Amino acid sequence: MKRYMLALDQGTTSTRALLVNEQGCIDAMEQQEIGLQYPHPGWVEGDAERIWLSAVEVIRDLLAKANIGAESIVGIGITNQRETAVVWDRATGAPVYPAIVWQSRQTTGICERLKHEGHERLIQRKTGLKVDAYFSGTKIAWILDTVNGARERAERGELLFGTIDSWLIWKLTGGRVHVTDVSNASRTLLFNIYERQWDQELLDILNIPKSMLPEVRSSSEVYGDTDAGLFGRAIPIAGAAGDQQAALFGQGCYDPGSVKNTYGTGCFMLMNTGTEAIHSPSGLLTTIAWEVEGKVEYALEGSVFVAGAAIQWLRDGLGFIENAADSQRLAEAAGSSEGVYVVPAFVGLGTPYWNSDVRGAVFGLTRGSSKEHFVRATLESLAYQAKDVLKAMERDSGITLSELAVDGGAVRNDFLMQFQSDMLGVPVVRPVVNESTALGAAYLAGLAVGYWDNREQIRCLKQVEREFQPRMEAEERQRLYAGWGRAVKAAIAFAE
Ligand SMILES: Nc1ncnc2c1ncn2[C@@H]1O[C@H](COP(=O)(O)OP(=O)(O)O)[C@@H](O)[C@H]1O
Ligand SMILES: O=P(O)(O)OC[C@H](O)CO
């Protein structure tokens, strides 16, 4: 009987289950799209129950598709959209409010208060994060403040909080196990990344009862078994990590200085900094990469809130393309963006600007500007945002990038990858298996159950599909990038 690791990848726009074999190849995959709600400008919410049901359904569908039973699964590795906050009733399992998605801005007011009260430096020093609505802490506080009776129920120990990993593990184990891993905990604004524990001072500042929080565990260990009724037989849940950290692991970025960039809903560039947590003066985040075999390793991260989401907007909001893949054809047909810049700051800007107030903007339109120019400029904005992040990363780490490992849904776009290489002036390396996030989750869980022996063995599994070499003249690169700089500056000025 062939035996697999199962990766469960719960992303912002979809839930996927994948069968990963010993060679690090994906033998089968099932996916379900997840809808989001935008109840007010800048707010982004999801249905936590729907997320849970999608997870069960994709696993069941995957087993059926591969015509195997749960006994063929050695273990499950979970990876997830990070920061998204779910608060639920410990007794009934019912969420008290929709999942507040990482992109959502409804807690900007709480963040302003924290800054006004002078907590910014303390929070940054302990958590490595910025005071921004992006992270879970203010989302939990907002739910407790907003939902009728929630604070009293939380104080009585009746409510639990979890990021999506924690929510899914709790549901998969039939409510028996309430845990999260260090990489997810490090995105909450409540976790001291140096002492590796929930921080009482931060909990007091945000007025969040500690009893709501999950136990923090390593990224690679058996947390518990799935409820036997779910898949016909109990399966060990053997690893968990936030999706960006999992992608770093899946790309084999184990050496300090190695970098990957994931182009999904947002765009997240992480550099492994080994056992050293590097503080960033340039607006990067210091975060926990993972804890494996008793060792915690750190990463520097640049977070871009809107990347592939801008392509979805071209499709669903503007109707300029029928599907995401179309964007490549239109961008190539345009030949150049002809001076058009799209700044997709729909929910503010993350690294390195950290500005919640700025909103999307378009510059440089002429009577001759067409849909093709618009689409091309939107794709180019992903590459410009990645360059903003990389510049900050090179400054803070003192390391000059020699190549960029990429993954995520939007890297299928050859135009984008070529433009990215042109903009950075380094090769962009696309792996054969683009699902680095899922691979990372499978590898973390697989190490815990002995499916793989060590990281060296895993690193050897990676294969390159294509390298994009820079072709653009330096002068042209500088001219285009300078235009982007002016566009962002003007968008920020408009919001002031
Ligand atoms: N060919 C393409 N060109 C540009 N963007 C694409 C392409 N294919 C997918 N995308 C974008 O990639 C995103 C999906 O990537 P994925 O890694 O699945 O995201 P997530 O994990 O955030 O849900 C979507 O936002 C979609 O618009
Ligand atoms: O859903 P993704 O892949 O865009 O990832 C979301 C991030 O984890 C948010 O921090």
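Residues numbered from 1 in each chain as written. Chains lettered and ligands numbered in written order. Predicted model: local features only at pLDDT ≥ 70, side-chain atom pairs only at ≥ 80, totals over all residues. Heavy atoms only, no water.

**Examining the overall build of the protein chain**
Spelled out, the test is: Only DSSP runs of H or I with at least four residues qualify as helices, and only runs of E with at least two residues qualify as strands; both kinds are numbered from the N terminus onward. With C-alpha atoms as the basis for the radius of gyration, the globule rule is written as 2.2 Å multiplied by the number of residues raised to the power 0.38. To measure how exposed things are, a 1.4 Å probe is used in the Shrake-Rupley method; for residues, cover is taken only from the protein chains shown. In summary, the charge assignment counts Lys and Arg as positive and Asp and Glu as negative, without counting His or the chain termini. The atoms used to mark charge sites are NZ of Lys, CZ of Arg, CG of Asp and CD of Glu.
Helix and strand counts for the protein chain come out as 17 helices and 23 strands. Its C-alpha atoms give the protein chain a radius of gyration of 22 Å, near enough to 23 Å, the size a compact globule of 496 residues would have. Each of the three principal axes of the protein chain carries a C-alpha extent, and together these read 60 × 55 × 45 Å. Summing over all exposed atoms, the protein chain offers an accessible surface of approximately 18100 Å²; the carbon and sulfur share of this is 47%. The positive charge centre, built from 48 side chains, and the negative charge centre, built from 62, are 2 Å apart in the protein chain.

**Examining helix α11 (residues 308-317)**
Cut-off, in case you're wondering: Residue burial is assigned from relative accessible area. The probe radius is 1.4 Å, only protein chains are included, and a residue is buried under 20% of its type maximum, exposed over 50%, and partly exposed in between. Any two residues having at least one pair of non-hydrogen atoms within 4.5 Å are treated as being in contact.
For α11, every residue scored as buried is listed here: Gly308, Ala309, Ala310, Ile311 and Leu314. For α11, the secondary structure elements touched by its buried residues are α12 (326-334) and α13 (371-397).

**Comments concerning helix α14 (residues 414-424)**
Defined as follows: The term polar contact refers here to a pair of N or O atoms within 3.5 Å; inside protein, the definition further demands a hydrogen-donor-capable atom paired with an acceptor-capable atom, and it admits residues adjacent in sequence only when both atoms are side-chain atoms.
Across the 11 residues of α14, 10 count as buried, placing the element largely inside the fold. Every buried residue of α14 is listed here: Phe415, Leu416, Met417, Gln418, Phe419, Gln420, Ser421, Asp422, Met423 and Leu424. Between a side-chain oxygen at the N-terminus of α14 and the backbone nitrogen of Phe415 the separation is 3.1 Å; the capping residue is Asn413.

**Considerations on the site of ligand 2**
The test is simple: For this description, a residue counts as near a given molecule or strand if any of its non-hydrogen atoms is within 4 Å of it. Side-chain classes follow a simple rule in which Ala, Val, Leu, Ile, Met, Phe, Trp, Tyr, Cys and Pro form the nonpolar group, Asp, Glu, Lys and Arg form the charged group, and the remainder, Gly included, forms the polar group. Note that domain bounds follow an automatic or database assignment of domains.
Near ligand 2, the surroundings consist of Gly11, Thr12, Gln81, Arg82, Glu83, Trp102, Tyr134, Asp243, Gln244, Thr265, Gly266 and Phe268. Here an oxygen atom of ligand 2 sits 2.4 Å away from a polar atom, N or O, in the side chain of Thr12. In isolation ligand 2 offers 310 Å² of accessible surface; the protein chains occlude 93% of this area. Class assignment of the residues belonging to the shell around ligand 2 gives a composition of three nonpolar, six polar and three charged. Of the residues that make up the shell around ligand 2, three or more belong to each of domain 1 (4-244) and domain 2 (252-431 + 463-495).

**Thoughts on the UniProt feature "domain: Carbohydrate kinase FGGY N-terminal" (unreviewed entry) in the protein chain**
The line we're drawing: UniProt positions are given in the numbering used here, feature names are shortened, and annotations may be inferred rather than shown by experiment.
The residues that UniProt annotates with the feature "domain: Carbohydrate kinase FGGY N-terminal" (unreviewed entry) are residues 4-250. Overall, residues 4-250 shows 34% helix and 26% strand. The separation of its end C-alpha atoms is 16 Å.

**Comments concerning the site of ligand 1**
Around ligand 1 sit 18 residues in total, of which Thr13, Thr265, Gly308, Gly409 and Asn413 are the nearest. Across the complex, the protein chains shield 88% of the 580 Å² of accessible surface that ligand 1 would expose by itself. Broken down by secondary-structure element, the contributors of at least two residues to the shell around ligand 1 are β2 (14-20) and α11. Sorting elements by how many residues they give to the shell around ligand 1 places α11 first, with four residues. Residues from two domains meet in the shell around ligand 1; each of domain 1 (4-244) and domain 2 (252-431 + 463-495) gives at least three.

**Observations concerning the domain arrangement of the protein chain**
Basically, it comes down to this: Within this document, salt bridges are pairs made up of a side-chain nitrogen of Lys or Arg and a carboxyl oxygen of Asp or Glu, the two lying within 4 Å of each other.
The domain architecture assigned to the protein chain consists of domain 1 (4-244) and domain 2 (252-431 + 463-495). Of note, the centres of domain 1 and domain 2, computed from C-alpha atoms alone, are 26 Å apart. The interface is formed by 28 residues belonging to domain 1 together with 30 residues belonging to domain 2. Joining domain 1 to domain 2, the criterion identifies two salt bridges. Arg82 is paired through a salt bridge with Glu301; the nearest N and O atoms lie 2.8 Å apart. Linking domain 1 with domain 2 are 13 residue pairs in polar contact (both at pLDDT 80 or more), by the criterion used here. Elements supplying a minimum of two residues to the side of domain 1 that touches domain 2: α3 (120-127) and α7 (182-185). Partitioned by chemical class, the residues of the side of domain 1 that touches domain 2 number eight nonpolar, 14 polar and six charged.

**Focus on the side chain of Arg82**
Within the secondary structure, Arg82 sits in the loop between β5 (73-80) and β6 (86-89). By relative accessible area, which is 2% here, Arg82 ends up buried. Here Tyr134 takes part through its side chain, which lies 3.2 Å from a polar atom of the side chain of Arg82. The residues contacting Arg82, other than those within four sequence positions of it, are Trp102, Tyr134, Asn184, Arg187, Gly242, Asp243, Gln244, Gln245, Phe268 and Glu301.

**Overview of the pattern of salt bridges**
By the definition in use, this model includes 29 salt bridges. Between Glu201 and Lys126 there is a salt bridge whose closest N-O contact spans 2.6 Å. One end of the pair, Glu201, is in helix α8 (residues 200-206); the other, Lys126, is in helix α3, with 75 residues separating them in the sequence. For Lys126, a relative accessible area of 12% gives the class buried. A salt bridge links Asp414 to Arg466; the nearest nitrogen and oxygen atoms lie 3.3 Å apart. Here Asp414 is found in helix α14, whereas its partner Arg466 is found in strand β23 (residues 464-468), with 52 residues between them in sequence. Residue classification places Arg466 among the partly exposed residues on the basis of a relative accessible area of 36%. Each member of the salt-bridge network shares a partner with another, and the members are Arg82, Glu83, Arg187, Asp243 and Glu301.

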